[in-house]
Structure formats: C-alpha cells, structure tokens
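Residue strings, one per chain:
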Amino acid sequence: MRRIAHPRPYYLAVVVMILAMGLATSGRAESPPSEVDRGSVVDHVSGGETHDEAAAESGEEHGGGHEDLGRELPLYTGLPFAGILLSIALFPLVAPRFWHHHFPKISAFWGLLLVIPFLFAYRGVAVYEILHIYLSDYVPFIILLWSLYTVAGGILVTGNLSGSPVVNLIMLVIGTLIASLIGTTGAAMLLIRPFMRANAWRSNRTYQIVFFIFLVCNIGGSLTPLGDPPLFLGFLHGVPFFWTMDLVAPMAVVSSMLLAIFFLLDTYHYRKEKNRPEAIEGGTNLKIEGLHNGIFLLGVVGAVLMSGLLHLGEIDVLGIERPVAHLLRDGILIVMGILSLRTTTRDIRDRNEFTWFPIQEVAYLFAGIFVTMIPVLLILKAGSDGALSFIIEAVQDPVHYFWITGGLSSFLDNAPTYLVFLNTALGNFSPGVPEVQAIHQLIAENEIYLRAIASGAVFMGANTYIGNAPNFMVRSIAEETGVSMPSFFGYILKYSLVFLVPSFVVITLIFFR
C-alpha cells in the first residue's frame, strides 16, 4: 500500500506564511493605486473597521468577497489554479515517483505563486480573502471529510459478497439512495470498502470505481440539502428544504441510464472472468463490526443540519466573522471522529485497510486548490463586470444554466458556483427583490431555472476527480488497495465524455429545453 513519504503539514506552513506576510505588508504607509478598499484584518485587531463592518454599511452580503476586487482582477490571475490542475493531471503520468514524494510541495508552490503577488498587490484585502477561504471553507471542508472518513473507516462489513453484476448493482443502488440522507461523502466512505472487497477477485475493477464515483459520490446526493454542499447552500439562502425532491425526475433518469450501462458493462466483464468464485451455501453471511460508529455518523449528519438551522450569532476569528453554529458544528464533528477512534479497535481498522493517506492527500492538494481558486471565484462573483463576463452574459435559457453551472462545477467548488448562477437568475427575474422572496418567486414562476442550476452543480461534479470531494477520496482509497485508476484526463476522456455527457444530453432534451 502507498504511504506518503513525509507527512509534514506543508499546507499549514503556507497558511502561516500567508498570515506573516499579510501582517508585514498591511502596515506599510503606501499602497498601489486601486479602487479596491485596502482596509486590512490587522486594522481590525488594532481597533479599525473590518471589511465585514464596511460590507454591512454598504449592503454587501457577508462572506461574499470584495466585488470591486473581482472587477479588477485580470483573467491571468487564474493561471496558478490552472497550474495546479495540470499538475494533478500530468505529474502522475510523466513523473509518478516524483509526484508521489513531492505533491505537497507542488501544491504549496502553486499556492504561493498566487499568494505572494496577490498580497503585495492588494495587501489587507488579500489577507482577508485568503483567511476567509481557509477559515470559512477549507478548514470546515477538511474537518467534515476527516470526521466522515474516520467514522466510516470504523465500520467493517464482511461476508460472502460475490461481486456478481446483480450484487454490484444492488450496492450501487443502495449507495445512490442513501447519499441524499447522509451526504455523498458519508455514503461513499461507508460503502467504498465493502464494494471493493466484494470485487477483490475481479481482474478489471477500474470502471466499477468510476461508476461508484458517478452515482454514489455525486448524482445520489440530489434529493435533500444534506446530500451535496450546493443544495445545502441553497437551503441556507432560502430554498425550501424539501424543494430538492423536485430533482427526483432528472436524478431518476440519469441514475437509471448509468445503472443500466454499468450492469451491462459489469455483466460483460464478469462473463470474461476465468476464476469466478463458486456459489457459497448458506447465503452471504453478512457481518457488520463497529456498528456503533453508525451513532457517530448520525451525529455528523445532525451537526451539519444543525449548523444550517441554528442562528447563534457570530464570532470574530482573525478578523473573519464566523457563525457560532458553524464553529459548534466543527467541534461536534471533531468529537465524533475522536470518539470513533477511541471506541473502535485497531483490529477492525486494520482489517478494513484503513490508512490516513487518502485524507492527507486530499488535505495537501485541496489546500492549494482552494487558495488558487480565489481569483476565479471573485471574477465570477463580479458578474458582467468581471473578466469572465462573457460566460455570465451567455447564460439566458435553462439549458445554459444547466451546462455552464455544471461545466464550472466540474473544476471549481460547486457550492459558490451554484450561488453565482442562482444570484444571476434572481437578478434576471426579480431585480431589487429581497433574496428569500425572489427565490420563492423563481420557484413559483420559473422553477426550471433553479432545477437546471441545482442539477448542473450536483450532477456534473462527477465529470472530474476534483468536481466533488469524495471523488478524490474514493480514487485515493482505490489506488491504495491496488486498483489501477485512470489519470485526470483519462477519467474525463474514457469515462465522463463517453458515459456522463451523453446522459446529460438526454436529460437536457427531456427537462431543460
């Protein structure tokens, strides 16, 4: 099994360096000319006005970033983001040994390539944006993944599962259905090991893991706000909790097509196997150990839901206003993970082939992805005033919302991408109307647009390894157990374009014309 060569927290070093440089640069007397407010986090520490206070006075949405900065940023500020994506795609192919030993450093390199000039150009504003994405997005993201990975890794399912096409189909159906209840990450972490164990004897398992990513890690999370982050974000902004059930028709169509394709493909490969296991008398003899971790899993899901329902005020963390409910959620998630570690025997985790490498790999790489993503997200949030205005202005019909929201969600964080296009639709149909009222008007009068945005953000997260967090986790777990997974581009060319895109074309013709 693979192990990370030097599991040092490079990404934390990057954050510390960012903060130190920000403190150093924010105290300068002069700054480059710009229309963007240069007020810094350091000013807040010394009693000055924070960006949040200024935003409140100007009517800017909290946590929405500096709209003026998005208008200023040129498109080439997205090059570090493109660089880290290309590194993830190419290094494992052209220099696999180098990548395996040094990918944390490569992630840090691309992060610093953005951070250093960003800080010198925008100083306090840059400090705010960097701290904001790490404290509000990256840290909660990693805590959630870590807790789900830890808890699910303590549940060991054993038995005589044969890995036949019917058994595999049933497991994928179950995973797809429960993803909306415990989240795509929770469902993926719970089922990926039993799924791989059932098919350990199969000679070709690559396509099985890919379809697992399609269905369990993405499309299955369509039916509740708990299923996928963009739907949860929509719920926080006023979309009714059970509105997402309106996605059941497109979700059922695309899932049925993919499940049917998988069954035919799996049957074909199953018949080619020369050493099929004989049918075992007495049934499957399923046995679940570490079942008490189910309580901790429910605790994680409950904490996530609680963070969206409770309003306990906000607290200042390094100049970033963080909701108390979100900090409470993160604390509960950490406690759930620790309880799982303390109450689950080492033997269960060893037999479950549990290691820390997959979560380490995600933490290192996404530390770089999140920070290099800042300019791209700010430019998108600037709408028609930003360097990507040609994309925003091209979005007119439901089909545009579906494909452009989905296309960007394949490479960017699908939650803010969902919010950008939701706000675009609200601005088109209900300009000047308060957000919650505008959302209800959109649902009543132009629901197809919201359905297109939500479906695109959730479904097309399956297009790439980085489209949704569990994609990368599942790929890493599979590779650790010896499954040969396609490269970044191989995944897109051999699977997404062949199976996903035609399925999306079908549901476009049915639902979004």
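Refer to the preceding data block for the structure.
The residue numbers shown here count from 1 along each chain, following its written sequence. For a predicted model such as this one, the threshold for reporting local features is a pLDDT of at least 70, and the threshold for listing and counting side-chain atom pairs is 80 or more; totals across whole chains, interfaces and linings nevertheless cover every residue. Heavy atoms throughout the structure, all of them, feed into the side-chain values; hydrogens and water do not.

**Observations concerning the overall build of the protein chain**
Then, in step 1: A tally of helices and strands in the protein chain yields 21 helices and four strands.
Then, in step 2: Buried, partly exposed and exposed residues are distinguished by accessible area as a fraction of the type maximum, computed with a 1.4 Å probe on protein chains only: under 20%, between the cut-offs, and over 50%, respectively. Looking at the protein chain residue by residue over its 513 residues, the buried ones come to 58%.
Then, in step 3: We call two residues contacting when some pair of their heavy atoms lies within 4.5 Å. Sequence separation of at least 24 residues holds for 81% of the intrachain contacts in the protein chain that already meet a minimum separation of 6.
Then, in step 4: Accessible surface, the protein chain: about 20,900 Å² in total, of which carbon and sulfur atoms supply 65%. Helical segments are the DSSP runs of H or I of at least four residues, strand segments are the runs of E of at least two, and each set is numbered from the N terminus. Accessible surface is estimated by sampling points in the Shrake-Rupley manner with a 1.4 Å probe; for residues, cover comes only from the protein chains shown.

**Section: helix H11 (residues 293–309)**
Residue pairs three or four apart in sequence face the same way in an α-helix, which turns once every 3.6 residues.
Then, in step 1: Multiply 1.5 Å by the residue count of a helix minus one, and that product is the helix's expected span. The terminal C-alpha atoms of H11, which comprises 17 residues, lie 25 Å apart, in line with the 24 Å expected from a rise of 1.5 Å per residue.
Then, in step 2: On its buried face, H11 sits against helix H6 (96–152), helix H7 (165–198), helix H9 (229–236) and helix H12 (324–343).

**Quick look at helix H14 (residues 357–372)**
Then, in step 1: A rise of 1.5 Å per residue sets the reference length of H14, with its 16 residues, at 22 Å; its end C-alpha atoms lie 23 Å apart and thus fit the reference within 8%.
Then, in step 2: The sharpest bend along H14 measures roughly 25° and falls at Phe-366.
Then, in step 3: H14 sits mainly inside the fold: 15 of its 16 residues count as buried. By definition, a residue's bend is the angle between the axes fitted to the seven residues ending there and the seven starting there.

**Describing the packing of aromatic side chains**
Then, in step 1: Whether two aromatic rings pair depends on their centres lying within 6.5 Å, for rings of Phe, Tyr and Trp, where Trp uses its six-membered ring; planes under 30 degrees apart make the pair stacked, over 60 edge-to-face, and the rest tilted. The final tally for this structure, using the stated rule, is 38 aromatic pairs.
Then, in step 2: For the pair Phe-211 and Phe-262, a centre-to-centre distance of 5.7 Å together with 50° between the ring planes defines the contact as tilted. Pair noted here: Phe-211 is in helix H8 (residues 206–215) and Phe-262 is in helix H10 (residues 248–272), with a separation of 51 residues, a long-range link.
Then, in step 3: Note on Phe-402 and Phe-504: the rings are 6.2 Å apart at their centroids and 85° apart in plane angle, and the pair reads as edge-to-face. Of this pair, Phe-402 sits in helix H17 (residues 398–409) while Phe-504 sits in helix H21 (residues 488–511); the two residues are 102 residues apart in sequence, bridging distant segments of the chain. Taken as a pair, Phe-402 and Phe-504 share a single burial class, namely buried.

**Regarding the nonpolar core**
Then, in step 1: In terms of nonpolar packing, the biggest core is built from 150 residues, with Ile-209, Phe-212 and Phe-214 touching the most fellow members.
Then, in step 2: Looking at this core element by element, the count peaks at 27 residues for H6.
Then, in step 3: In this view, Ile-209 contacts Ile-192, Phe-195, Met-196, Val-474, Ala-478, Val-483 and Met-485; residues no more than four positions away in its chain are not counted. Nonpolar cores were defined as sets of buried Ala, Val, Leu, Ile, Met, Phe, Trp, Tyr and Cys residues, with membership established by side-chain atoms within 4.5 Å.

**Brief notes about the pattern of salt bridges**
Then, in step 1: Here a salt bridge means any side-chain nitrogen of Lys or Arg lying within 4 Å of a carboxyl oxygen belonging to Asp or Glu. Taken as a whole and judged by the stated rule, the model has 11 salt bridges.
Then, in step 2: For Arg-202, the salt bridge is made with Asp-266, and the minimal N-O distance between the two is 2.7 Å. Placement of the pair is Arg-202 in the loop between H7 and H8 and Asp-266 in helix H10, with a sequence separation of 64 residues. Each of the two residues, Arg-202 as well as Asp-266, counts as buried.
Then, in step 3: For Glu-289, the salt bridge identified is with Arg-351, shortest N-O distance 2.8 Å. Residue Glu-289 is found in strand E2 (residues 287–289), and its partner Arg-351 is found in helix H13 (residues 346–351); the two are separated by 62 residues along the sequence.
Then, in step 4: A relative accessible area of 17% places Glu-289 in the buried class.
Then, in step 5: Taken together, the shared-partner salt bridges in this structure form one network comprising Arg-202, Asp-266 and Glu-273.

The values reported here are purely geometric and, on their own, carry no functional implication.
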